[in-house]
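Structure at a glance
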Amino acid sequence: MNNRFERTGPLTELASYPHWAQDMVAACEPARQQVVGHRLWGRMREARLDPEGTRNFMVGIWPVIERFPAYMARNLLKTEYGRSPGDDMARRWLVRNIRVEQNHADYWLNWAQGAGVAREDVLHGARPDGSQTLADWCEEVSRHDSLAAGIIATNYAVEGATGEWSQRIYDSAAYAQSLPADKRIQSLRWLQLHAAYDDTHPWEALEIVCALKGTAPPADEVDHLIECVKRSYIGMSVTLDRCLAAYHVAGEEVGEVAA
Ligand SMILES: [Fe+2]
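Owing to the predicted nature of the structure, the values given are computational and were not obtained by experimental measurement. (Residues numbered from 1 in each chain as written. Predicted model: local features only at pLDDT ≥ 70, side-chain atom pairs only at ≥ 80, totals over all residues. Heavy atoms only, no water.)

A few words now on the packing of aromatic side chains. In this structure the tally under the stated criterion is 13 aromatic pairs. Each ring, one from Trp 41 and one from Trp 165, has its centre 4.2 Å from the other, and the planes form 10°; the classification is stacked. Placement of the pair is Trp 41 in helix α2 (residues 39-45) and Trp 165 in helix α8 (residues 147-170), with a sequence separation of 124 residues. A relative accessible area of 3% means that Trp 165 is categorised as buried. Here Phe 57 and Trp 165 contribute two aromatic rings whose centre-to-centre distance is 6.0 Å and whose plane-to-plane angle is 80°, an arrangement assigned as edge-to-face. Here the residue Phe 57 occupies a position in helix α3 (residues 51-77), and Trp 165 occupies one in helix α8, the gap between them amounting to 108 residues. Chaining the aromatic ring pairs together yields one cluster made of Trp 41, Phe 57, Trp 108, Trp 111, Trp 165, Tyr 175 and Trp 190. (Phe/Tyr/Trp six-rings, centres within 6.5 Å; stacked < 30°, edge-to-face > 60°. Helix = DSSP H or I, 4+ residues; strand = E, 2+ residues; numbered from the N terminus. Buried < 20%, exposed > 50% of the residue type's maximum accessible area, 1.4 Å probe, protein only.)

This is how it looks when you write it as structure tokens:
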């Protein structure tokens, strides 16, 4: 197959990937910016997100945290050893990285607890309206779409953007100091693990998708992957909007009662 993609350049440089992949990344950049530049992060960094907003965030994002290894497992089910080098690469990578996710749900709960949100509330509390958007989309794409679509939507798009916002929060001394001193280290563990300083996962996911699709996939297949990446970013920003919107509504109600 002369359209086979084998990376020769550095893993973490976009120029190492086929032109179609570079174009895909560029086409999705405005949607990605809506996630990594979301106003919720600014508030969190400055330790200005009030208890209601913090609660909505912890409870609203939880379904994606809890399901993330399951999305990967659904994609693993689509692989078949020996079918193609991309399949073999995806299979090996997913098996290894599902294991890496093992403790991340516990770490999220530790973070929530440090931020004042009880484990019971995260697990069983009412979710902010509409905050299921991202979880529903990740479930759909992992369950019903192709291996490449599932990996690009979750391990590339969701993990990639998460690495960036995690780093923004983790870098904030004001945020760290807003957490109780005796729980600070364990509360920050999830952020520390997901902060993108030298995280290669999203790049590895991109490499797998390029191995699956080759150097010259049909335009409609590229368009579909672009759509999947955008839907992940939009799902993330809608979920974040809903976490803040619920917070605003709650804030206004409190204001009205006080007035
Ligand atoms: Fe994780």
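Per the counting criterion, the structure on display carries 13 salt bridges. A salt bridge links Arg 4 to Glu 6, with the shortest nitrogen-to-oxygen separation between them at 3.9 Å. Using a relative accessible area of 43% as the deciding quantity, one classes Arg 4 as partly exposed. For Glu 6, a relative accessible area of 58% gives the class exposed. A salt bridge links Glu 221 to Lys 213; its shortest N-O distance comes to 2.8 Å. (Salt bridge = Lys/Arg side-chain N within 4 Å of Asp/Glu carboxyl O.)

Everything listed here is a matter of coordinates, which is why it stays silent on function.
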